[in-house]
Amino acid sequence: MKKIILIASIIFCCQIVKAECIRDTMYIFDIDNNQNKIPLNRYIYTYNVNNQMKIMLFQTYNSGVWTNKTKYEYLYNSNKLEINRNVYNWNVNIWQISSKWTKAYNNNNLIVEQLDESYNNNVWTNQNKHTYVYWSNNKVFTRKLENWVAGAWVNSTLKIYTYNSSNLETEIIEKQWSNNDWLNTKRSTSAYNSNNLVSQKLTYKWNVGAWVEDIKSDYGYNSNLDLYSISEQQKVGNVWEKYGKGSLLYNSNSKLIYTDYMFWNNNSWVYDYKVTNEYNSNNDLIAQNDNYDWDNAAMKFTSNKRYEYRCNSSMTGINSLEKDKLSIYPNPMSGNIFNVSSTVNETYQLYDFTGKFIQQGTINVGENSIQIPQLPEGVYLIKIGKQIHKLIYSH
């Protein structure tokens, strides 16, 4: 499947809500040619007293039986920041630890290091390490990845971030370590509209000692400031040619119900991917249908998955924040930093489309820079206080 730029493969939830469903199970089905649902996998979630992810259990389905496969265990410090994530595999009816992530933070609760380790033969072995350096305004300056090779850390990749006077991310330069030197590989620049939303993104390739334009993406928003269109071009020689396009549709409650992406191939538009979402009367996402692998002869998608969500509780009776008290930018974001401007002190939680908890932190009055780990491209949910927004993320 062709790489999708800033189109979410799976999207859920947005805007302000008065009650939040706490998702406890996600079922994944394959859809056959007769539209029958065939169970494949499920995720089961449990939470701590702060409604943070505590355990995520992954199981597979075979011959009418659910079988344990993987378990993720999340640990937090006194500031409610994730400090450990332990991964266990099910083996001969017992859980055996296989890997772990360990995170360290500075005095501003910003992550400064993430260490990934694997466990084999009763020994922990380093795998890779992410380190972060910040500007004086707490915005990320560099993010470096190192790999553990022959008993020593070896540089792998480096990202360098630049911001404008409004603290909006304007440039990311990516480098790769080779022959004891950092070599340029990729560059991206972002322009913004008056609402601090990304209006255009340009990506560049490093070629013969110079940056060469590669992909240009233009973004359109509706009156609710929801992303509704993406138009992409690729530069061939000195000419911009059609590359890809995407569209997003929302219901009357501003819930995303439809997403598609098409790419330009042999002088015609060809489907790459389509997602439809279903909601209950409380505007909770209850199902999502993913369609991909387009068969142009049969005029249909040949791979179809369905995700169904269950929740047995919700958080209600808590007043939402006023929408104009928060501003999140850039959105879409192309790096690992986004900003929140707030008139109140609050906590935030970031989740992926499955409801899986990613991280949590604090929001202070004024400008806040939030660093996130490397994530798959898509749309994520950020909950600040009792207000929920979608965050579009691209590499």
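Conventions adopted
Residues numbered from 1 in each chain as written. Predicted model: local features only at pLDDT ≥ 70, side-chain atom pairs only at ≥ 80, totals over all residues. Heavy atoms only, no water. Helix = DSSP H or I, 4+ residues; strand = E, 2+ residues; numbered from the N terminus. Buried < 20%, exposed > 50% of the residue type's maximum accessible area, 1.4 Å probe, protein only. Contact = heavy atoms within 4.5 Å. Polar contact = N/O pair within 3.5 Å; in protein donor to acceptor, adjacent residues only side chain to side chain.

Just give me the short version of the overall build of the protein chain, but keep the residues and values in it.
A tally of regular secondary structure across the protein chain gives zero helices and 27 strands. Counting only residues that meet the buried cut, the protein chain has 49% of its 395 residues in that class.

Kindly report on the environment of Q96, identifying the contributing residues and their values.
Summarising the element assignment, Q96 is placed in strand β6 (residues 94-105). According to the relative accessible area criterion, Q96 is partly exposed, its value standing at 36%. Expressed as a C-alpha distance, the spacing of Q96 and Y119, which sit 23 residues apart in the sequence, is 9.3 Å. Excluding residues that lie within four positions of it along the chain, Q96 makes contacts with V87, Y88, N89 and N91. A distance of 3.0 Å separates the side chain of Q96 from the side chain of N91, its partner in a polar contact.

Lay out the side chain of Q371 in plain terms, naming residues and giving numbers.
Within the secondary structure, Q371 is located in strand β25 (residues 366-371). A relative accessible area of 5% means that Q371 is categorised as buried. If we skip the residues at most four places from it in the chain, Q371 touches I111, Y132, Y134, V140, R143, N336, I337 and Q359.

Geometric values such as these leave the question of function open.
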